[in-house]
Amino acid sequence: MTKGTIIYIGGFRFPDGNAAAKLALNYARIFTALDYRVVFVGADDDSDTSVNVRKRTVQDYDVWTFERAHNFRGRLRRFFGIQNILSVVSAYDDIKIIICYNFRSVPFLRVIAYCRKNGIKVISNTTEWYGKTGRNVVFDFFRNIDTILRMYVANRHVDGLIVTSSFLRDFYGSANVVVVPSLSESFSSKNAVEPKGNREKVHLVYAGNPFCGDRRIKERSIIKDRLDKIISYLYKVFIEGYDFQFHIYGVTREQYLRALPEDQYMLDALKGVYFHGFVKGDAVYSAILNADFTVLVRDVNRVTLAGFPTKIAESINLGIPVLTTKIGDMDKYVTENKTGFFFDTDDDDYNISVLRRVLAMDYDEIDAMKRYCRESTVFRGESWLPPFAEFFNKI
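Everything numeric in this text was worked out from a predicted model, so none of it was measured.

## Let's talk about the sheet that holds strand β1 (residues 5-9)
Moving on, step 1. Judged by pairing direction, the sheet is mixed, and its eight strands sit side by side in the order β3-β4-β2-β1-β5-β6-β7-β8 without closing on themselves. Among the strands making up the open sheet, the edge pair consists of β3 (53-58) and β8 (177-179). Geometrically, the sheet is characterised by an average inter-axis angle of 20° between neighbouring strands, direction not taken into account.
Moving on, step 2. One ladder, built from four bridges, connects strand β6 (residues 121-126) with strand β7 (residues 160-163); its direction is parallel. From the neighbouring strand, T126 faces β7, where its bridge partner is V163.

Laid out in structure tokens, this is it:
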């Protein structure tokens, strides 16, 4: 006997097509442990255009998707309407909660109104405060309006919020808010990394999507993951004589240079930097397992303060320490000298000195950090059962 059904709505591409799907599955395991049944409504689907509604099972969860609209009228109806969502709701008779993950503001407000009329609790799962993409002026304009409505209006009319940062908890003040970072599955011992012993150079890895598209970027401050800064730091230490390998997943060399052509002189000079482009989840995990550190640099702004990067949780759960910027809640979950090292947000010289230190480490030191990562439970779902239980009790 369960406590009822949770309908979890968002742009999820299962099983591991995007970070949203990974986060939602990890949260769903906690909700299941708390005796709720979880049903997903995921991103629109291109895989079978002959079927308007598609239901499948992912890791024992019902997942509903809908045919992607291919004309303007259909897209407009999908952007503002909730009929597809209501068709899923009608398939279950014990719905207690609907959770909307970074959902579009207008349909979100309509879901809130529906829930009010039908005695269903509604929760906002907010992990992003979207900023400029540089993709298109019109796109950025309408996205900004949608973000304002979601963050300032819709989120203030829900029964509770699940957020990934103290920044958002403080923004919503006295509301019922639980702060839970992006979590990662508990990888089995056969996948967890074992000490590798000595090898010639330190291996670094970055896995992510640093650019929105691959058009030229004129304003670097809009880049969420500052891969360009990592490359510039490595260029500095390379010309000083340091040796390393840096593997980049999620973007090709050609895509990077289309976005930032002025960086070509560094890439031409650097040895040991390898671009692998987009690869599937298992290949990314293998790359992380073969590395010594995951690297992530971000600037401090509202976009980065609002969320928490899934790639940090995954790396530490895989037994690989991180080099990352000390922003937001990062120092609550990453332990300096044990599960990682911090870069400074405003001091490039200091950050280069951190890289020098890391590249000079011996493997006894690195292996000790890997062991500490393997023992850490901070990003595992079982550690977050009590906060979620308390949160649901207040709904």
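Having seen it, we continue.
## Observations regarding the sheet that holds strand β13 (residues 322-325)
Moving on, step 1. Pairing in this open sheet of six strands is parallel, and the strands run β11-β10-β9-β12-β13-β14 from one edge to the other. Edge positions in the open sheet fall to β11 (273-275) and β14 (340-343), since each of these has one partner strand only. On average, adjacent strands in this sheet sit at an angle of 25° to one another, irrespective of strand direction.
Moving on, step 2. Strand direction decides the pairing type here: strand β12 (residues 293-296) and β13, joined by three bridges, are parallel. Paired with T294 across the strands is V322, a residue of β13.

## A look at the packing of helix α7 (residues 227-239) against helix α14 (residues 348-359)
Moving on, step 1. In the contact formed by α7 and α14, the axes pass within 10 Å of each other and the chain directions differ by 60°. In terms of orientation, α7 lies oblique with respect to α14. Considering the relative orientation of α7 and α14, their crossing is right-handed. For the pair formed by α7 and α14, the contact residues are Y233, L234, K236 and V237 on the first element and D348, N351, I352, L355, R356 and L359 on the second.

## Description of a nonpolar patch on the surface
Moving on, step 1. Residues L109, V138, F141, F142, I145, I148, L149, Y152 and V153 make up a contiguous nonpolar surface patch of roughly 760 Å² in combined accessible area.
Moving on, step 2. Here the element with the most residues in the nonpolar patch is helix α5 (residues 137-153); it accounts for eight residues.
Moving on, step 3. By the element assignment, Y152 lies in helix α5.

## Describing the state of the cysteines
Moving on, step 1. Evaluated as defined, the whole model comprises zero disulfides.
Moving on, step 2. Free of any disulfide, C115 has its nearest cysteine sulfur in C100, 7.2 Å distant.

## Description of the pairing of β1
Moving on, step 1. For β1, a buried count of five out of five residues is recorded, marking the element as mostly surrounded by other parts of the structure.
Moving on, step 2. Alternating residues of β1 divide into T5, I7 and I9 and I6 and Y8, and every residue in both groups is buried.
Moving on, step 3. Inspection of the sheet shows β1 paired to strand β2 (residues 37-41) by five bridges, in the parallel sense. In the strand pairing of β2, I9 is matched with V41.
Moving on, step 4. At this point the chain moves from β1, through helix α1 (residues 19-33), to the parallel β2, and the crossover so formed is right-handed.
Moving on, step 5. Inspection of the sheet shows β1 paired to strand β5 (residues 95-101) by five bridges, in the parallel sense. Bridge pairing links I7 to I98 in β5.

## Details of the packing of aromatic side chains
Moving on, step 1. Scanning the entire structure with this criterion turns up 31 aromatic pairs.
Moving on, step 2. Pairing F31 with F388 gives two aromatic rings, centres 5.3 Å apart and planes at 90°, and the pair type is edge-to-face. Remark: F388 occurs in helix α16 (residues 385-394) and F31 occurs in helix α1; sequence separation between them is 357 residues.
Moving on, step 3. Residue classification places F388 among the buried residues on the basis of a relative accessible area of 0%.

## Re a negative patch on the surface
Moving on, step 1. Among the surface-exposed residues, D344, D346, D347, D348 and D349 lie close enough to one another that they form a single negatively charged patch.
Moving on, step 2. With respect to the helices and strands, the residue D347 is situated in the loop between β14 and α14.

The rules behind each value
Residues numbered from 1 in each chain as written. Predicted model: local features only at pLDDT ≥ 70, side-chain atom pairs only at ≥ 80, totals over all residues. Heavy atoms only, no water. Pairing = 2+ DSSP bridges. Helix = DSSP H or I, 4+ residues; strand = E, 2+ residues; numbered from the N terminus. Axes fitted to C-alpha atoms, helices over the stretch in contact; angles between N-to-C directions. Parallel < 35°, antiparallel > 145°, perpendicular 65-115°, else oblique. Left-handed = near helix turned anticlockwise from the far one by under 90°. Contact = heavy atoms within 4.5 Å. Patch = residues over 30% accessible without salt bridge, like charges linked within 9 Å, V, L, I, M, F, W, Y side chains within 5 Å. Areas by Shrake-Rupley, 256 points an atom, 1.4 Å probe, with all protein chains shown as cover. Salt bridge = Lys/Arg side-chain N within 4 Å of Asp/Glu carboxyl O. Disulfide = S-S within 2.5 Å. Buried < 20%, exposed > 50% of the residue type's maximum accessible area, 1.4 Å probe, protein only. Right-handed = clockwise from strand over helix to strand, strands pointing away. Phe/Tyr/Trp six-rings, centres within 6.5 Å; stacked < 30°, edge-to-face > 60°. Lys, Arg positive; Asp, Glu negative; His and termini not counted. Charge placed at Lys NZ, Arg CZ, Asp CG, Glu CD.

Nothing here speaks to function; it is all geometry.
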